[in-house]
Amino acid sequence: MSSQDIVIGARMAHVRELKAEIARLREENTRLRDDAESLRAHFAEALLAAEDLRTLPPGGCLEIWDGWNLILGAKKESRGRNELIEQARRRTEESGGSLHVWIVLDGPREATRCEGSVRVTYTGGEGSQRADRMIVDYVRMAAWLGYADKVTVRTNDKELKRQVSRLTHQKS
């Protein structure tokens, strides 16, 4: 093996390291771009939901439903998303316009669909408890704006109930 072979081998190893670093940075860049887009979407969603709170009629309420908990939790209250959405539609129709329902579900891509007084949101992102975090963040925002009394959360998750209760019963 000549010194030239050693130099070429070292350069090839360095090129492989650089290619691996480029691949890692591309992956990180994609993740950061997705995170930024998710934050923009969540912020836009929060603004829309804040406007919903502001424009509720006197005595009106926004119920936030912990979707997968109501479908898959220990106390299954629905057999699937479509049934849960139909339950929400019936509740809002029966309220005569004083109730809005926002169903929050974990999902790989963030998305929101609104139909009348029912909003269905998929959180996007990765990791566990994304819907819970979104719900808690929204309730915190509603409390800061002075609308905590207009928000209720429907869930059987004891920890989520505890967090929401702490936020809605704080003194401003």
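Right above here is the structure, for reference.
What this report covers is the structure whose coordinates are included nearby. Just so we're clear, the structure is a prediction, and the values are computed from it rather than from any experiment.

Here we look at the packing of helix α1 (residues 3-54) against helix α4 (residues 130-144)
- Two elements in contact, α1 and α4, have axes separated by 11 Å at closest approach and are oriented at 45°. Judged by the inter-axis angle, α1 sits oblique to α4. Considering how the two elements wind past one another, α1 and α4 form a crossing that is right-handed. Contacts from H42, A46, A49, A50 and L53 in α1 reach M134, Y138, M141 and A142 in α4.
- Split into classes, the residues belonging to the contact of α1 with α4 amount to 8 nonpolar, 1 polar and no charged.

Overview of the nonpolar core
- By size, the foremost hydrophobic cluster in this structure holds 21 residues, and its most contacted members are I64 and Y138.
- Contributions of two or more residues to this core are made by α1, β1 (61-66), β2 (99-105), α4 and α5 (158-168).
- Per-element accounting of this core gives the leading share, 8 residues, to α4.
- Aside from chain neighbours lying at most four places away, what touches I64 is W102, V104, I135, Y138, V139, V151, T152, V153 and R154.

Here's the deal with the sheet that holds strand β4 (residues 118-122)
- Ordered in space as β3-β4-β2-β1-β5, the 5 strands form an open sheet in which the pairing is mixed. At either end of the open sheet lies a strand with only one pairing partner, and these are β3 (111-115) and β5 (151-154). Across this sheet, the average inter-strand angle for adjacent strands is 15°, counted without regard to direction.
- With 6 bridges joining them, β1 and β2 adopt parallel strand pairing. Among the inter-strand pairings, L62 is bridged to a residue of β2, identified as H100.

Quick look at the packing of aromatic side chains
- The full count for this structure, using the stated rule, is 1 aromatic pair.
- Where W102 meets Y138, the ring centres are 5.0 Å apart and the plane angle is 85°; that geometry is what we call edge-to-face. One end of the pair, W102, is in strand β2; the other, Y138, is in helix α4, with 36 residues separating them in the sequence. No difference in accessibility class separates W102 from Y138, as the two residues are buried.
- For R154, the ring lying beneath its charged end belongs to W65, and the centroid distance is 4.2 Å.

Examining the layout of surface pockets
- Its boundaries defined by the atoms lining it, the largest pocket holds a volume of some 690 Å³.
- In this structure, the largest pocket is lined by 24 residues; those nearest its centre are S38, L39, H42, T123 and G124.
- Of all elements in the fold, only α1 and α4 reach the threshold of two or more residues within the lining of the largest pocket.
- If one sorts the elements of the lining of the largest pocket by residue count, α1 sits on top with 10 residues.
- The residue makeup of the lining of the largest pocket, split by class, is 8 nonpolar, 5 polar and 11 charged.

Observations regarding empty space enclosed by the protein
- Taken as a whole and judged by the stated rule, the model has 1 cavity of 30 Å³ or more.
- Surrounding the largest cavity, I85, R89, R113, C114, E115, V118 and V120 form its lining.
- Elements with a minimum of two residues in the lining of the largest cavity: α3 (81-94), β3 and β4.
- Here the lining of the largest cavity takes 3 residues from β3, the largest share from any one element.
- Taken together, the residues that form the lining of the largest cavity break down as 4 nonpolar, no polar and 3 charged.

Rules used in this analysis
Residues numbered from 1 in each chain as written. Predicted model: local features only at pLDDT ≥ 70, side-chain atom pairs only at ≥ 80, totals over all residues. Heavy atoms only, no water. Axes fitted to C-alpha atoms, helices over the stretch in contact; angles between N-to-C directions. Helix = DSSP H or I, 4+ residues; strand = E, 2+ residues; numbered from the N terminus. Parallel < 35°, antiparallel > 145°, perpendicular 65-115°, else oblique. Left-handed = near helix turned anticlockwise from the far one by under 90°. Contact = heavy atoms within 4.5 Å. Nonpolar A, V, L, I, M, F, W, Y, C, P; charged D, E, K, R; others polar. Core = buried A, V, L, I, M, F, W, Y, C linked by side-chain atoms within 4.5 Å. Buried < 20%, exposed > 50% of the residue type's maximum accessible area, 1.4 Å probe, protein only. Pairing = 2+ DSSP bridges. Phe/Tyr/Trp six-rings, centres within 6.5 Å; stacked < 30°, edge-to-face > 60°. Lys NZ or Arg CZ within 6 Å of the ring centre and 35° of its normal. 1 Å grid on protein atoms, 1.4 Å probe; cavity = no way out; pocket = protein on both sides within 12 Å on 5 of 7 lines; lining within 4 Å. Points joined across faces, edges and corners; volume = space filled by probe spheres on them.

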